[in-house]
Amino acid sequence: MQARQSIARRTSPVLLWAGLGAALLFAGFVALGVWQLERLRWKTELIAQVDARVHAAPQPAPGPAAWATLSQANDQYRRVMVRGVFDHGRETLVQAVTDYGAGFWVLTPLRTTQGFTVLVNRGFVTPERRAPETRSGAQVGGPQTVVGLLRVTEPGGGFLRANDPGAGRWYSRDVAAIAGARGLSNAAPYFIDADARPNPDGWPRGGLTVIAFPNSHLVYALTWFGMALLTLVGYGVLARETRRRRAAP
C-alpha cells in the first residue's frame, strides 16, 4: 500500500507537467493550422484576381502619373496595351529557361506615343538567335502596338548570380539597372511581357509568361491539425499508462 502511494506521488507531477506541455503544443498546432487556412483563403483570392487580370480587356499601360502607386499586389499580370517605336539598338538579353530550352529574353525599349519609355519583353530566343542579325525580320520599324502583361521589376539578379551590367550579363529583368545601363530616360518602373502574337520570322517567341502560385496551404493546415490530434492522443496514452501503473499491485 505504501509503495502504491509512493508511485502515485511520483507520477502525479509528471502528468501535471505533461498535461501543461500537451496543452501548449495543442494550442500552438491549432493556431498554425488556422493561420494556414487564412493563407489558403488569401491565396485563393489572389489566384482569382490574377486570372481576372490576365483575361481582361487590355488597358492603356500606366504613364508617369501612375507609377508611384503601382504595386505587385494590385498590378502584377495586368493586361495592358501601349503604342510606340522600338529602339532595337538598345535591346538587352536576359538569360532564361523555357519550354524551348535555355536561351534569352529579348527586352527592347519602346518609345511610347505618350512620351515615356517602357521595356518590352518581346519573347524568347535560343542561343543561336542571340545576335539581332539572325532575326532581322523582327527588327520592325515604325509605330507598333504591343499587348501584354504588366510585370514588376526583378532587381538583383538570379539565384546565386548577380547581374553584371558592365559585362552585359543579365540574369533577371531589373528595370532600373537595365534602363541605367542603356541610357534610357523617363523609363517606366515595370516591363511588359508581350503576348503570343507571332513576330516576323517567328522570333522572338512571346506569350511564355509563367503564372504559377504554389498553393499547398490546405496540406499544411491538415498537417498542423493532425499534429494537434496526435498531441492529445499521446497525452491520453501517457495518462492511461500512468493509471495502469498506479493500479498495478
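Relevant structure appears above.
A brief look at the structure comes next.

### Considerations on the overall build of the chain
On a plain count of helices and strands, the chain comes out with 4 helices and 9 strands. Starting at the N terminus, the α and β elements of the chain follow one another as α-β-α-β-β-β-β-β-β-β-α-β-α. For 249 residues, the compact-globule estimate of 2.2 N^0.38 gives 18 Å, and the C-alpha radius of gyration of the chain, at 29 Å, exceeds that figure by more than 25%. With respect to the three principal axes, the spread of C-alpha positions in the chain is 100 × 35 × 30 Å. For the chain, the proportion of its 249 residues judged to be buried stands at 34%. Contacts in the chain between residues at least 24 apart in sequence constitute 65% of all its contacts with a sequence separation of at least 6. A total of about 14200 Å² of accessible surface is found on the chain, and carbon and sulfur atoms cover 61% of it. A gap of 14 Å separates the mean positions of the 28 positive and 16 negative side-chain charges of the chain.

### Focus on a nonpolar patch on the surface
Among the surface-exposed residues, Leu16, Trp17, Leu20 and Leu24 lie close enough to one another that they form a single nonpolar patch of about 500 Å² accessible area. Within the secondary structure layout, Leu20 lies in helix 1 (residues 2-54). Residue Leu20 is classed as partly exposed on the basis of its relative accessible area, which comes to 44%.

### Structural notes on the packing of aromatic side chains
Tallied over the full model, the rule gives 5 aromatic pairs. Taking the centre distance of 5.6 Å and the plane angle of 90° together, the rings of Trp67 and Phe116 count as edge-to-face. You can see Trp67 sitting in the loop between strand 1 (59-60) and helix 2 (72-75) and its partner Phe116 sitting in the loop between strand 4 (101-112) and strand 5 (117-125), a full 49 residues away along the chain. The residues Trp67 and Phe116 share a single accessibility class, namely buried. For the ring pair Tyr100 and Phe124, a centre distance of 6.2 Å and an interplane angle of 15° mean the geometry is stacked. Here the residue Tyr100 occupies a position in the loop between strand 3 (92-98) and strand 4, and Phe124 occupies one in strand 5, the gap between them amounting to 24 residues. In this structure an aromatic cluster arises from ring pairing among Tyr100, Trp105, Phe124 and Trp203. Its guanidinium or amino end placed over the ring of Trp203, Arg205 lies 4.0 Å from that ring's centre, counting from NZ or CZ.

### As for the nonpolar core
Formed by 17 residues in total, the largest nonpolar core has its most connected members in Val94, Trp105, Leu107, Leu119, Phe124, Val125 and Ile178. Per-element accounting of this core gives the leading share, 4 residues, to strand 4. Every residue in contact with Leu119, bar those within four places of it in the chain, is listed here: Leu107, Thr108, Pro109, Val175, Ile178, Leu184, Tyr190, Phe191 and Ile192. Trp67, Val80, Val82 and Leu150 belong to the second largest nonpolar core, which has 16 residues in total.

### Section: the pattern of salt bridges
Opposite charge on two side chains makes pairing possible when the charged atoms of those side chains draw close. Under the definition given, this model contains 9 salt bridges. A salt bridge links Arg151 to Glu154, with the nearest nitrogen and oxygen atoms 3.7 Å apart. Given the relative accessible area of 22%, Glu154 is considered partly exposed. Across the salt bridge formed by Asp164 and Arg169, the nearest N and O atoms sit 3.2 Å from each other. Among the ionic contacts, a cluster of salt bridges with common partners joins Arg151, Glu154, Arg173 and Asp193.

### Quick word on helix 4 (residues 217-247)
Taking 1.5 Å of rise per residue, 31 residues should cover 45 Å, and helix 4 covers 45 Å from first to last C-alpha, within 8% of that figure. When helix 4 is considered as a whole, its buried residues turn out to be His217, Ala221, Ala228, Thr231, Ala239 and Thr242.

### So, the side chain of His217
Considering the arrangement of structural elements, one finds His217 in helix 4. Residue class for His217 comes out buried when judged on its relative accessible area of 8%. Here Gln36 takes part through its side chain, which lies 2.9 Å from a polar atom of the side chain of His217. Excluding anything up to four places from it in sequence, His217 contacts Gln36, Arg39, Leu40 and Lys43.

Calculation rules
- Residues numbered from 1 in each chain as written.
- Predicted model: local features only at pLDDT ≥ 70, side-chain atom pairs only at ≥ 80, totals over all residues.
- Heavy atoms only, no water.
- Helix = DSSP H or I, 4+ residues; strand = E, 2+ residues; numbered from the N terminus.
- Rg over C-alpha atoms; globule rule 2.2 N^0.38 Å.
- Buried < 20%, exposed > 50% of the residue type's maximum accessible area, 1.4 Å probe, protein only.
- Contact = heavy atoms within 4.5 Å.
- Areas by Shrake-Rupley, 256 points an atom, 1.4 Å probe, with all protein chains shown as cover.
- Lys, Arg positive; Asp, Glu negative; His and termini not counted.
- Charge placed at Lys NZ, Arg CZ, Asp CG, Glu CD.
- Patch = residues over 30% accessible without salt bridge, like charges linked within 9 Å, V, L, I, M, F, W, Y side chains within 5 Å.
- Salt bridge = Lys/Arg side-chain N within 4 Å of Asp/Glu carboxyl O.
- Phe/Tyr/Trp six-rings, centres within 6.5 Å; stacked < 30°, edge-to-face > 60°.
- Lys NZ or Arg CZ within 6 Å of the ring centre and 35° of its normal.
- Core = buried A, V, L, I, M, F, W, Y, C linked by side-chain atoms within 4.5 Å.
- Expected span 1.5 Å × (residues − 1).
- Polar contact = N/O pair within 3.5 Å; in protein donor to acceptor, adjacent residues only side chain to side chain.

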